[in-house]
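The lines below spell out each chain.
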Amino acid sequence: MSNESHQVSRKIIHVDMDAFYASVEQHDNPSLRGKPIAVGGSSKRGVVAAASYEARKYGVRSAMPSVTAARLCPHLIFVKHRFDRYKEVSNQIREIFHDYTDLVEPLSLDEAYLDVTANKFNFPSATIIAYEIRRRIYETTGLTASAGISINKFIAKVASDINKPNGQKTITPDQVVSFLEKLEIRKFYGIGKVTADKMYQHGIFTGADLKSKSLEYLAEHFGKSGRHYFNIVRGIHNSPVQPHRIRKSLGAERTFAENISSELFMKERLQQIAGEIEKRIEKSDVTGKTVTLKIKYSDFKTQTRSITLPYYIRDKETILRTAIELLEQDRFRESVRLLGITLSNLNNDQSEQDEHEIEEVQLDFKF
């Protein structure tokens, strides 16, 4: 079709550490090895930050309330998080990445995209590079990693889940179409439960089903995301690996030990949160125009309220004053269990510029 995006071919590796936080804890404390552990608070308001594979067998997952995790796995061991330690290990892993390419785009402490189309060792095979990187990560940190290798970030990300843990999967250019056609729609990266359920209602259960729908049909039923779905199922995803990812926002939030209903208490908590954001602003050296207040109620419903100012701000006082204005916009029908503030519309947004910085490279050698 004339409105299909032009395909840019690259060699992309997605490296994803296996149960990273939990694996670090098991590595550093051998008595935890082979046992179901959860990193995070064990209190009734705690949340699981990460779960070991032994705990996942019981259905324990990250972002799950600790009380639910303990119910699913009665002998679950809760371990307090040590983010400084995770960052230290993450830095070791990133040093290994940069031995092979400077085109490294970290997604978090435990995963990253690497563009090895042109790499520092002139290796012809991205598959071999991924294997070498995983081997060196294990030798350096004692931790295992999984990897996906393909022609773009989307497919590499999907592929990295296939042989987890401690495995890798390569989807070569000639395998892309058949791989995507057979793939269950819920395994497409970026398609969550809500979108998958909606697709099921339209008879879309696999990539082949998605591919059978026209661009007009997808746009009508899935809005702006329609074109994205139309492209990715055809293996088209031209987003380059960005070594210096542009920060879109920064924020902080707090979950309270007890639900609060007093506005006075809420304002005190917002003052603490605004102070934390000011520290992060100084570290990142950015300013922003849009302040968003996040409110999670005792019934777990979440509401956001935003305001965009005509000028950039970065100081705690202005952020706090704006957040309080948002807090006072409406009455509360329920007590509150969490408050958060996010500053966005930052002065470093180069999204329009990035669209024109795609270097086109056509591959003609083996994966």
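About the criteria used
Residues numbered from 1 in each chain as written. Predicted model: local features only at pLDDT ≥ 70, side-chain atom pairs only at ≥ 80, totals over all residues. Heavy atoms only, no water. Phe/Tyr/Trp six-rings, centres within 6.5 Å; stacked < 30°, edge-to-face > 60°. Helix = DSSP H or I, 4+ residues; strand = E, 2+ residues; numbered from the N terminus. Buried < 20%, exposed > 50% of the residue type's maximum accessible area, 1.4 Å probe, protein only. Lys NZ or Arg CZ within 6 Å of the ring centre and 35° of its normal. Contact = heavy atoms within 4.5 Å.

A. Main features of the packing of aromatic side chains. Here the structure, examined in full by the defined rule, presents 11 aromatic pairs. Ring geometry for Phe154 against Phe188: centres 5.8 Å apart, planes inclined by 40 degrees, an arrangement best described as tilted. Residue Phe154 is found in helix 6 (residues 153-159), and its partner Phe188 is found in the loop between helix 7 (176-182) and helix 8 (193-201); the two are separated by 34 residues along the sequence. Pair check on accessibility: Phe154 and Phe188 agree, each one buried. What links up through ring pairs into an aromatic cluster is the set Phe20, Tyr21, Phe83 and Tyr86. Above the ring of Tyr53, the side-chain terminus of Arg56 is found at 4.6 Å from the ring centroid. Seen from the ring of Tyr312, Lys289 lies directly overhead, with NZ or CZ sitting 4.8 Å from the centre.

B. Region of interest: the environment of Leu339. Checked against the element boundaries, Leu339 lands in strand 12 (residues 336-346). The buried category is assigned to Leu339, whose relative accessible area is 0%. Along the sequence, Leu339 and Leu327 sit 12 residues apart, while their C-alpha atoms lie 9.9 Å from each other. Ignoring sequence-local partners within four residues, the contact set of Leu339 consists of Glu253, Arg254, Phe256, Met266, Arg269, Leu270, Ile273, Leu293, Lys294 and Ile295.

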